[in-house]
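Chain by chain, the residues:
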Amino acid sequence: KLILKLAVILNLTWLYSSCIGTDVIEELNQPEQLQITSAIMSIQVGDSVLFMADYFNQMGERDEVMVDWSSTDNAIISIDANGLARAHQEGEVLIFAMVNALKDSVMISAGAETIAENARMATFQGKNNYTVEGDAFLEESESSLTLRFDSNFRASNGPGLHVYLSNSAESVAGGVDLGSLKSNTGAQTYTVPDDINLNTYNFIIIYCQPFNVPFGAGELN
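Residues numbered from 1 in each chain as written. Predicted model: local features only at pLDDT ≥ 70, side-chain atom pairs only at ≥ 80, totals over all residues. Heavy atoms only, no water.

Trainee: Just give me the short version of the side chain of Ser109, but keep the residues and values in it.
Mentor: Summarising the element assignment, Ser109 is placed in strand 10 (residues 102-111). A polar side-chain atom of Ser109 sits 3.3 Å from a polar atom in the side chain of Ser42. Dropping the residues within four chain positions of it, Ser109 is found in contact with Met41, Ser42, Ile43, Ile77, Gly91 and Glu92. (Helix = DSSP H or I, 4+ residues; strand = E, 2+ residues; numbered from the N terminus. Polar contact = N/O pair within 3.5 Å; in protein donor to acceptor, adjacent residues only side chain to side chain. Contact = heavy atoms within 4.5 Å.)

Trainee: Can you break down unusual backbone geometry residue by residue, with the values?
Mentor: A positive phi angle, near 55°, is found at Asn128, a position not held by glycine. Tracing the backbone through its elements, the reader meets Asn128 in the loop between strand 12 (119-126) and strand 13 (132-140). Look at Asn128 and you get partly exposed, because its relative accessible area is 27%. Not every positive phi belongs to a glycine, and Asn212 is a case in point at roughly 55°. (Buried < 20%, exposed > 50% of the residue type's maximum accessible area, 1.4 Å probe, protein only.)

Trainee: Describe the pattern of salt bridges, naming the residues involved and giving the relevant values.
Mentor: Summed over all chains, the structure comprises five salt bridges. Two residues, Arg62 and Asp195, come together in a salt bridge whose shortest N-O distance is 3.0 Å. Placement of the pair is Arg62 in strand 5 (residues 62-63) and Asp195 in the loop between strand 18 (188-192) and strand 19 (203-208), with a sequence separation of 133 residues. Classification of Arg62 by relative accessible area gives partly exposed; the value is 29%. Linking Arg148 and Glu139 is a salt bridge whose minimum nitrogen-to-oxygen distance equals 2.8 Å. Looking at Arg148, the relative accessible area reads 27%, which means it is partly exposed. Its relative accessible area of 27% is what places Glu139 among the partly exposed residues. Put simply, Asp54, Arg62 and Asp195 are held in one network by salt bridges that share partners. (Salt bridge = Lys/Arg side-chain N within 4 Å of Asp/Glu carboxyl O.)

Trainee: Mind laying out the packing of aromatic side chains, listing which residues take part and the relevant values?
Mentor: Under the definition given, this model contains eight aromatic pairs. Measuring from centroid to centroid gives 3.8 Å for Tyr130 and Phe215, while their planes differ by 5°, and the two rings are stacked. With a gap of 85 residues between them, Tyr130 in the loop between strand 12 and strand 13 and Phe215 in strand 20 (residues 213-219) connect regions that are remote in the sequence. Comparing Tyr130 with Phe215, the two get one shared label, buried. Among the aromatic side chains, those forming a connected cluster through ring pairs are Phe124, Phe149, Phe153 and Tyr190. For the cation-ring pair, Lys182 lies above Tyr190, with the distance from its terminal atom to the ring centre recorded as 4.8 Å. (Phe/Tyr/Trp six-rings, centres within 6.5 Å; stacked < 30°, edge-to-face > 60°. Lys NZ or Arg CZ within 6 Å of the ring centre and 35° of its normal.)

Dropping the structure here:
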């Protein structure tokens, strides 16, 4: 019985000390963000493409807002109030999205074909004296968005580790929880909810939920 009690105490001590001492209090106020989430790089002359943008409030959460769209040259690519862009002749323009004082832009070309990005890559780095390393890929197919960890992935052990997409390397506030970390090493995949686009979030975080501690993060390129 004494040995069993000691084992329980040691186990609880490990769980408590795995994250304690490096606790991170979630940021209640974050800078508002606006980002164009469409992955379009080029539009075929004569084609139309719908652009989308996400607004994140001071809690890091997505809010529905009215976005003002504009183009630096409507003769090359014009864009209407709903974000529908049409390519008229070859060239390059900046497409702007604006909400109040917030602005984001992307360089888009009009040419022979419509081209969209279908993947982003991140390389993990550890935080708070924990190890997280390896590469991850956010990949879009016709029907779904998938987060894939490469075989070189490795993370420190810890209780309640989850995988998040977020717009901060330090906080998961307003981010999306993709579920428990499946393994501390090796290749693994996670399905991303349908309402998330390839460019909605810019960071992948390995997060210790019981103690609100990021073990590591990778910025998506």
